[in-house]
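# An overview of the molecular structure
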Amino acid sequence: MKLAIVGGGGVRAPLFVQSALRRADRLGLAEISLMDTDAAQLQLIGALCTELAARAGSAVRVTTTTIVDEAFDGVSYVVTTVRPGGSEGRVRDERIAQARGVLGQETTGACGFAMAMRSIPSILAYARRLREISPNAWLFNFTNPAGLVSQALSDAGIDRCVGICDSANGAQNAVAKRLGIEPRAVEADLFGLNHLSFTRHALVDGVDRLPEALADDHFLASTSLRVFEPKLVRRQGMWINEYLYYYYYLDRAMADAGNGPTRGEEVLDLNQHLVAELRAIDPDRNPDRALSAYFDYERRRSGSYMQHANHNRAADPAPPHADDGEGYAGVALGLMEALEGGTPIRTGLNVVNRGTIVDLHDEDVVEVSCIVDRDGIRPVASGPMPNEQSYLIQSVKHYERLTAKAVLTRDRSLAIDALVAHPLVLSYSRAEPLVDDFLSAYPAYAEGWK
């Protein structure tokens, strides 16, 4: 089996490759193709990945290419992890949003729109080319905003495509860790949208173990729920996706954004230092030093994730983003194993609704629990949403529908309407200049907009 990673020169690729190598025998994995348009960085990251394969004694071939047709030829699975506009684009988005008086967060609100404006055309082009070269391949999209990109792909007629996110299974993984059991033993009831989801129940042998977990202060402080006040979590009575911090504590998020560098600037600085260090070391000649530098970088980046949002500032550093230790790689590889005939799994994915959540449209892409096995991916019926959570999900889904259509048709007026609909913007006087600022900032992606 061949696996391709689009964005394979990205700084997270070695972690993905490391996880894939551990599962290679179960997957029947023969080749990992790293594809990227940045040849220089691809060479550095590719050398790290090749060294990881050598140290694992793996027979899996790690190849690199800048030619998408080579990556897609004979492929079974494609994972997209690209960042159109680069880390510099993330910083630019944040600063534009802040200058207009709205939240500058990578995937939420105005910056999520800006990222979608660049990500949707890029991923759609890859998806269409994949259908021409390897029509039976699965595409797993991790490019943010993952749910919105997946919505646009579905609207454009792309099938055999799902959106993946390492935060979707937060409750399942955290409850399993608390009980010392495998995540597959936990049946989570997940509903909502990407970065805007809730988990109502976490059943183990038919018993809901989530209420007792939420009543445990240590549990809250040791998971991503630490960004919320305990009383807020318990009032909801559910596991809350950590990105809801930006809705429930908007004033704090805005205040934190004005103190020091943005998260994008932090990540850009970390990435630039890593690439410069790898170039100076030369991974081909000094693999030990190169891998040491890489994993030191990864520890620093993961350790600083959402530190600004840590409600309990005196607690230990926040855990890495994913509670399963493998992040989005674990989600993608678990999907592959199940689809290839391994043990069926229950996992949170971004898929077309088709009645799964009854109070959203059938064609909406939603984030819900799914059963995955050799026969495919089947969403688990979630029924109607509780009123307390529904109002926000409905509002943001309306924004997503408008944004997907606006980007696919390159309609400026519709884009303005989309941002006005978002709960974190809600104003024409902010939405119109934001859309114009984003279009002006990225002329390569603004072509054809009207």
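Since the structure is predicted, the reported quantities are computational estimates derived from the model, not experimental observations.

### Section: the nonpolar core
- In this structure, Phe16, Phe140, Ile164, Phe228, Met336 and Ile377 are the most contacted members of the largest nonpolar core, which totals 149 residues.
- Here phenylalanine 16 is in contact with Leu3, Ile5, Val79, Tyr328, Ala329, Ala332, Leu333 and Met336, once residues within four sequence places are set aside.

### Here we look at the pairing of strand S11 (residues 345–352)
- Among the eight residues in S11, eight count as buried, and that is most of the element.
- Both S11 and strand S12 (residues 365–373) contribute to a ladder of eight bridges, which runs antiparallel. In the sheet register, arginine 346 faces S12, and the bridge partner there is isoleucine 371.

### Observations regarding empty space enclosed by the protein
- Applying the stated criterion across every chain, the model contains four cavities of 30 Å³ or more.
- Of the pockets and cavities examined, the largest cavity occupies roughly 160 Å³.
- Lining the largest cavity are 15 residues, and of these Thr107, Thr108, Asn194, Val396 and Glu400 sit closest to its centre.
- Counting residues per element, the ones that place at least two in the lining of the largest cavity are helix H7 (146–155) and helix H17 (387–409).
- If one sorts the elements of the lining of the largest cavity by residue count, H17 sits on top with three residues.
- For the lining of the largest cavity, the class distribution of residues is six nonpolar, eight polar and one charged.

### Brief notes about the layout of surface pockets
- Each pocket or cavity is described by its volume, and for the second largest pocket that value is around 470 Å³.
- For the second largest pocket, the lining is made up of 20 residues, of which Arg23, Pro183, Gly330, Gly334 and Ile345 are closest to its centre.
- Only helix H8 (170–179), helix H16 (327–339) and S11 provide two or more residues apiece to the lining of the second largest pocket.
- Broken down by element, the residue count for the lining of the second largest pocket peaks at five residues, all from H16.

### Section: the confidence of the model for the protein chain
- Scored by pLDDT, the protein chain has a mean of 94; 95% of the residues are at 70 or more.
- Every residue in residues 313–324 is under pLDDT 50, and counting partners more than four places away or in other chains gives 28 contacts.

### Details of unusual backbone geometry
- With an omega of -10 degrees, the peptide bond between asparagine 144 and proline 145 qualifies as cis.
- The phi dihedral of arginine 160 is positive, around 50 degrees, even though this residue is not glycine.
- Looking at the element boundaries, arginine 160 is found in the loop between H7 and strand S6 (161–163).
- A positive phi angle, near 55 degrees, is found at leucine 426, a position not held by glycine.
- For leucine 426, the location among the structural elements is in the loop between helix H18 (412–421) and helix H19 (428–441).
- The class for leucine 426 is exposed, based on a relative accessible area of 56%.

Parameters and conventions
- Residues numbered from 1 in each chain as written.
- Predicted model: local features only at pLDDT ≥ 70, side-chain atom pairs only at ≥ 80, totals over all residues.
- Heavy atoms only, no water.
- Core = buried A, V, L, I, M, F, W, Y, C linked by side-chain atoms within 4.5 Å.
- Buried < 20%, exposed > 50% of the residue type's maximum accessible area, 1.4 Å probe, protein only.
- Contact = heavy atoms within 4.5 Å.
- Helix = DSSP H or I, 4+ residues; strand = E, 2+ residues; numbered from the N terminus.
- Pairing = 2+ DSSP bridges.
- 1 Å grid on protein atoms, 1.4 Å probe; cavity = no way out; pocket = protein on both sides within 12 Å on 5 of 7 lines; lining within 4 Å.
- Points joined across faces, edges and corners; volume = space filled by probe spheres on them.
- Nonpolar A, V, L, I, M, F, W, Y, C, P; charged D, E, K, R; others polar.
- pLDDT = per-residue confidence, 0-100.

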